[in-house]
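Tertiary structure, described
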Amino acid sequence: MPFYQLVCIAAHYPEYKHIKDLVTRAATHILDNGGVVRKLDSWGTRTLPQRMRRAKTYYNIGDYWTMQFDASPTTLRGLNSIMRHDPRVIRWTSLKVGEKVDDVLAFVEKTADRSRE
């Protein structure tokens, strides 16, 4: 299964149950379809680089979070559909990091160590 990273900007709400529900829904979709969630990371609440519009609403601040996971391409299409139809999501992108986690780890080990130069 390919290894992906999802980066998401969600609408900011005073209570965090909205973002918790969104992250839980995304992770549950991956797990229910045979995928593996490797890492969840919250980057916190930040001011957006520009005013963004989503679902007829303008946003100036958002909650940034990432998720690294293994999933089939079919599961990824379903996850993109969930993100597209959820009004709490302002922007998102899915990046394919590698075919397997082992490929990603091998790439890191092969990079040049410039500290010895």
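Scroll up for the structure.
Residues numbered from 1 in each chain as written. Predicted model: local features only at pLDDT ≥ 70, side-chain atom pairs only at ≥ 80, totals over all residues. Heavy atoms only, no water.

With that settled, consider the environment of histidine 18. Turning to its location among the elements, histidine 18 is positioned in helix H1 (residues 17–32). Expressed as a C-alpha distance, the spacing of histidine 18 and arginine 88, which sit 70 residues apart in the sequence, is 7.8 Å. Excluding its chain neighbours within four sequence positions, the residues that come into contact with histidine 18 are Tyr13 and Arg88. (Helix = DSSP H or I, 4+ residues; strand = E, 2+ residues; numbered from the N terminus. Contact = heavy atoms within 4.5 Å.)

Attention now moves to the sheet that holds strand E1 (residues 3–11). The 4 strands are arranged E2-E3-E1-E4 in an open sheet whose pairing can be described as antiparallel. Because the sheet does not close on itself, it has two edges, and the strands there are strand E2 (36–54) and strand E4 (89–98). Each strand axis lies, on average, 20° off the axis of its neighbour in the sheet, ignoring direction. Across the sheet, H1 is in contact with E1, E2, strand E3 (57–70) and E4; its angle to E3 comes to roughly 30°. (Pairing = 2+ DSSP bridges. Axes fitted to C-alpha atoms, helices over the stretch in contact; angles between N-to-C directions.)

Bear in mind that shape data such as this cannot, by itself, settle questions of function.
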